[in-house]
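# Examining the three-dimensional arrangement
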2 protein chains.
Amino acid sequence: MIGRLNHIAIVVPDLVAAADIYKASLGAVVSEVNVLPEHGVRLIFVELPNCKIELLHPIDNTSPVFSFLEKNPSGGMHHLCYEVEDLYASMKRLKMDGARVLGDGRPKIGAHGKPVVFLHPKDFLGTLIELEQV
Amino acid sequence: MIGRLNHIAIVVPDLVAAADIYKASLGAVVSEVNVLPEHGVRLIFVELPNCKIELLHPIDNTSPVFSFLEKNPSGGMHHLCYEVEDLYASMKRLKMDGARVLGDGRPKIGAHGKPVVFLHPKDFLGTLIELEQV
């Protein structure tokens, strides 16, 4: 069912400083700052040859990553995003296995303009998983 | 400097149950159990089209992932591994930037038989980073 790893999301305390670590110290290609008000984050993409790292910072205290940053003030890995071909079929199979889809259980449009859902970390080895339809 | 993401390591409380989540629920291809006494872990590879997930479980309480599992009993993301072409040149550049290499600072032979070092998570946004020479 799952295909490629699309990205790893890392929540960071300072977006520009974080991008500088990836650009200057680790020598990676980084994007400009993207502001995604509908997701409550500002975001910088780190482009690797085979996948992306997404550096996320909350827009305000209603952001879905605000409390994570409070608990992890130095930053930390927040979620993994796997690509799937058929999000509805994937959700059906996962629900049959007892896995919990977060929120109201319906796909939303993600940061790349494609339908996504998030799966409960307690059902997946302490890892928050995003599934993105491609 | 950094190239491909080689793998994401996830420490898990039960290796066979973890592999079953990736195989049965998420439909991924998983390996048999590999025992790596020199690294203090038992390990299962999840093979994705563009990278690997490594599911790790400590062999005993001297394992480098033992305390992580104590702090995260449901499991959790432990480190990211990026590939580099020249590990010594990468280390030199990182040390000039003030980044700390863990242990005695010298490369060791990693789980894939190639030289690796680990970088201090406090210097990299709360993320433990492994660099592997390819």
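Above this text you will find the structure in question.
The following paragraphs examine the structure supplied in this document. Here the structure is a predicted model, which is why all the values come from computation and not from measurement. (Residues numbered from 1 in each chain as written. Chains lettered and ligands numbered in written order. Predicted model: local features only at pLDDT ≥ 70, side-chain atom pairs only at ≥ 80, totals over all residues. Heavy atoms only, no water.)

Before going further, it helps to spend a moment on the relation of the copies chain A and chain B. Mapping chain A onto chain B calls for a screw motion: a turn of 180 degrees about the axis and a shift of 0.0 Å along it, with 0.0 Å RMSD after fitting. Taken together, the rotation and translation relating the two chain copies correspond to the operation of a two-fold axis. No C-alpha of chain A lies nearer the rotation axis than that of N50 of chain A, which sits 3.0 Å from it. Most of the interface of chain A is mirrored in chain B, where 100% of its interface residues are also at the interface. (Least-squares fit on C-alpha atoms with pLDDT ≥ 70 in both. Contact = heavy atoms within 4.5 Å.)

All right, on to the interface of chain A and chain B then. Across the contact, 42 residues belong to chain A and 42 residues belong to chain B. Counting the surface chain A buries against chain B, the share from its top three residues, L26, M77 and L125 of chain A, is 23%. For the pair chain A and chain B, the interface holds 0 salt bridges. Among the secondary structure elements, those contributing two or more residues to the side of chain A that touches chain B are β1 (5-11), α1 (15-25), β5 (52-58), β6 (76-84) and α3 (87-96) of chain A. Of the residues assigned to the side of chain A that touches chain B, the class counts are 25 nonpolar, 11 polar and 6 charged. (Buried area = accessible area lost by both parts, 1.4 Å probe. Salt bridge = Lys/Arg side-chain N within 4 Å of Asp/Glu carboxyl O. Helix = DSSP H or I, 4+ residues; strand = E, 2+ residues; numbered from the N terminus. Nonpolar A, V, L, I, M, F, W, Y, C, P; charged D, E, K, R; others polar.)

This part is about unusual backbone geometry. Positive phi values are uncommon outside glycine, yet L125 of chain A reaches one of about 60 degrees. Among the secondary structure elements, L125 of chain A is positioned in the loop between β8 (115-119) and β9 (128-133).

What follows covers the packing of aromatic side chains. Per the stated rule, a full pass over the model turns up 2 aromatic pairs over all chains. Judged by centre distance (6.1 Å) and plane angle (90 degrees), the rings of Y82 of chain A and Y22 of chain B are edge-to-face. Linking Y82 of chain A in strand β6 with Y22 of chain B in helix α1 (residues 15-25), this pair reaches from one chain into another. Under the relative-accessibility criterion, Y82 of chain A is labelled buried at 0%. The exposure class assigned to Y22 of chain B is buried, which follows from its relative accessible area of 0%. (Phe/Tyr/Trp six-rings, centres within 6.5 Å; stacked < 30°, edge-to-face > 60°. Buried < 20%, exposed > 50% of the residue type's maximum accessible area, 1.4 Å probe, protein only.)

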